[in-house]
Each structure stands twice: as C-alpha cells, then as structure tokens.
Amino acid sequence: QRLKWEGQVQNWGQLAVAKWFAGLDQVSGYHAAIDQANLVTANQPHRVESQTLIAFWNKQINTFPDRQFIARAKQMAVDNTIASIQSAVEEASKVLSGQPLRETAQALMVQWSDTVEKIQDQPILDEALALAKKGDLNAAIQAAGKIKSDRALYSDAQTAVGDWVAQIQAVEDRPILSEAEALANEGRLSEAISRAANIGPSRALYSEAQSRIASWADQRRQIENANRPSPSTEDTASPPDNEPPGPEPAPLSEQSGSPSENTLSPEPSADTNESPPVAAPSEPPAVPSETPSNP
C-alpha cells in the first residue's frame, strides 16, 4: 500500500513538471513535457492521463507554425484599418491547405475580408441613407445600387432599397385605394372592387387592397341576399317536394252535380239495341207543298 501511494506521488510530480514545460508553448518545451510524461510507465497510476497529454502535446508541436501564423494575424487585425486587416489576411493565408488549422485560418480570412468590404462600402450606404432622409428616395435607391451582390453590405443595402421602393409604391397607389373606398362608401361596391384590383401583387399596398376587396365582396353578398324575394304564400303552402302527391280527383261522372256543358254524354253500351237520343233540330223541317191530283 505504501509503495502504491509513493508511486502516485511520484507520477503526480512527473506530470506537474511536464505541464510546466508545456505551458511555455514552445516546441522545445513540448518535447521536454513529453519526456517527463513518458516517465509514467505502464501499470502505474496516472498512466492514462500521461498518454492523453502526450497525444495533445504532439499535436501542439505539429500545429505550432500555423498557430504562430494565426496569432500574428490576429494581432495585425486589431488596428481595424484596411491596411492592417489586409496584412492579417495575408499572414493567415500561410496556413496551407490540408493542415489541421486551415479551416480556422479560412474562417478568419473571410471575416476580415468582410470587414474590409464594409469599411470600403459604408460611405456609399451612408450617402444613400442621407438622400432617403431628405425624401429623395429615387436617388437613394440609385446610390445603394452601387453596392454589388458579392459585397458584405449588399444585404443591408437591399433591405434599405426594399423599404424605399415600398414607400414610393405606397405613394403611387394610395389614390387608387382612396378612390375605391369612395366608391364603396357610395354603395358602388362592384366598381370599388374593380378599382382596387388594379393594385398588383408586387405592390406595397396589395395586402391592404385585397383585405378591402374581401370586405366589400362580403357586403355585396349580404345586400344580394337581403334583396332576394322571399317565397310566396302559395309556394309556402304547397307540400314539400319530398312528400307524395295526394289522390287524383274522381272523374266528373262520379262527382255529384251536373256535368259541365262541355262534357259529352256517355256512349251507349254495346249490348243494347236502343238508339242514342237524337237532339231536336233547332228549326222545324220544311213541309212539302201538296201537288194537285189529276182528274
């Protein structure tokens, strides 16, 4: 037990010295640290920790030159001027492709390149913003358009341009919507809808116009429903279509009372010899004159 305890103390001391050498962040210091950590042999306490540290320090040795490039580049970029940032980009580019720190260097170069572009293009955007503040929106749009699509401030410029275009469109289309509202107030809803429909989907007031159109169309339907004639009393009294019809009326011959004048007399039965009654002539037949007999 005592030997085990002494071994742990010895290993701890060896690793403490190794970490001190590694803290110098120099190639020679890392080599000295690795030598100290290798004193912790197999089956001894802290062996796993020592091997983990050795792997890390070897990586530090391999990346040491590239880490120096990145450290110097960061220091150059502190001044935040175009010249200093361009120097920082150049220094970071010394980290060659395929090296472990290449992605880190690339990310920094992109960030610094964007910073340079922002410094270069910010005066252009400031000029456009000043023109817009004065109310000259068309000139502001033209100025902001000088910032190209591959530049860092392009998104900011396009956001501002979109806002200015919307303001211009709103000024142009507001009279159309006002005219449509006036027509709707006069009860000329169909004309109001037709007028507001002239505001196209790419215009700033399109959503507002569509909302008004929907409201006016609903009002028009309500008016049409109110003016639709209600069913007549006779239609209301008639049986529903789904009820069966009532019995047909009996023939006139079976009904009580005299037949109408247009009703024909029934034909005689086929097995009787009686002749049907003959209607009396309206005028008596002419009587032939007597012819004198010959003597």
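Look up: the structure comes first, before these words.
Given the structure is predicted, the values throughout are model-derived calculations rather than measurements.

Contact pair helix H3 (residues 47–77) / helix H4 (residues 82–92): the axes reach a minimum separation of 8 Å and the direction vectors enclose 175°. Considering the angle they form, H3 stands roughly antiparallel to H4. Here Phe69, Arg72, Ala73, Met76 and Ala77 of H3 lie close against H4, whose contacting residues are Ser84, Ile85, Ser87, Ala88, Glu91 and Ala92. Among the residues forming the contact of H3 with H4, the class breakdown is 7 nonpolar, 2 polar and 2 charged.

End to end, helix H5 (residues 102–133) covers 45 Å across 32 residues, agreeing with the expected 46 Å (1.5 Å per residue, within 8%). Taking the largest bend as the criterion, H5 deviates by roughly 40°, centred on Asp121, and proline Pro123 comes between one and four positions later. If you check which residues of H5 are buried, you get Ala105, Leu108, Met109, Trp112, Val116, Glu117, Asp121, Leu125, Ala128 and Ala132. Among the structural elements, H3, H4, helix H6 (137–144) and helix H7 (154–185) are those in contact with the buried residues of H5.

Another point: the packing of aromatic side chains. With the rule as written, the count across this model stands at 1 aromatic pair. Aromatic side chains Trp20 and Phe21 sit 5.2 Å apart centroid to centroid with 70° between the ring planes, which places their arrangement in the edge-to-face category. Residue classification places Phe21 among the partly exposed residues on the basis of a relative accessible area of 25%.

Once that is clear, we can look at the pattern of salt bridges. The full count for this structure, using the stated rule, is 15 salt bridges. For Asp25, the salt bridge is made with Arg67, and the minimal N-O distance between the two is 3.2 Å. Here Asp25 is found in the loop between helix H1 (2–22) and helix H2 (27–37), whereas its partner Arg67 is found in helix H3, with 42 residues between them in sequence. Note on Asp25: relative accessible area 30%, which makes it partly exposed. Where Glu91 meets Arg72, a salt bridge forms, and the shortest distance between an N and an O atom there is 3.0 Å. Of this pair, Glu91 sits in helix H4 while Arg72 sits in helix H3, placing them 19 residues apart in sequence. Since its relative accessible area comes to 38%, Arg72 is described here as partly exposed. Three or more residues joined by partner-sharing salt bridges are found here, namely Arg174, Glu181, Glu208 and Arg212.

This part takes up H2. Where H2 is concerned, the buried positions are Gly29, Tyr30, Ala33, Ile34 and Ala37. What you see down the axis of H2 is that its buried residues fit within an arc of 140°, all on one side.

One can describe the packing of H4 onto H5 by two numbers: an axis separation of 9 Å at closest approach and a directional angle of 160°. For the element pair H4 / H5, the angle class is roughly antiparallel. The way H4 lies across H5 gives a crossing that is left-handed. Residues Ile82, Ile85, Gln86, Ala88, Val89 and Ala92 of H4 pack against Ala105, Met109, Trp112, Ser113, Thr115, Val116, Ile119 and Gln120 of H5.

Here Met76 is to be found in helix H3. With 13 residues separating them along the chain, Met76 and Val89 place their C-alpha atoms 9.1 Å apart. If sequence neighbours within four positions are ignored, Met76 has contacts with Ser84, Ser87, Ala88 and Glu91.

Turning our eyes to something else, we now look at unusual backbone geometry. Glycine aside, negative phi is the norm for most residues, and most peptide bonds take the trans geometry. Unlike most non-glycine residues, Asp25 shows phi in positive territory, near 55°. Positive phi, normally seen in glycine, also occurs at Asn80, with a value near 60°. Turning to its location among the elements, Asn80 is positioned in the loop between H3 and H4.

We now examine the side chain of Asp173. Relative to the assigned elements, Asp173 resides in helix H7. A distance of 2.8 Å separates polar atoms of two side chains, one belonging to Asp173 and the other to Arg203. If near-sequence neighbours (up to four positions away) are discounted, Asp173 is found in contact with Ile199, Arg203 and Leu205.

Each value, and the rule that gives it
- Residues numbered from 1 in each chain as written.
- Predicted model: local features only at pLDDT ≥ 70, side-chain atom pairs only at ≥ 80, totals over all residues.
- Heavy atoms only, no water.
- Axes fitted to C-alpha atoms, helices over the stretch in contact; angles between N-to-C directions.
- Helix = DSSP H or I, 4+ residues; strand = E, 2+ residues; numbered from the N terminus.
- Parallel < 35°, antiparallel > 145°, perpendicular 65-115°, else oblique.
- Contact = heavy atoms within 4.5 Å.
- Nonpolar A, V, L, I, M, F, W, Y, C, P; charged D, E, K, R; others polar.
- Expected span 1.5 Å × (residues − 1).
- Bend = angle between axes of the 7 residues up to and from the residue.
- Buried < 20%, exposed > 50% of the residue type's maximum accessible area, 1.4 Å probe, protein only.
- Phe/Tyr/Trp six-rings, centres within 6.5 Å; stacked < 30°, edge-to-face > 60°.
- Salt bridge = Lys/Arg side-chain N within 4 Å of Asp/Glu carboxyl O.
- Arc of directions from axis to C-beta.
- Left-handed = near helix turned anticlockwise from the far one by under 90°.
- Polar contact = N/O pair within 3.5 Å; in protein donor to acceptor, adjacent residues only side chain to side chain.

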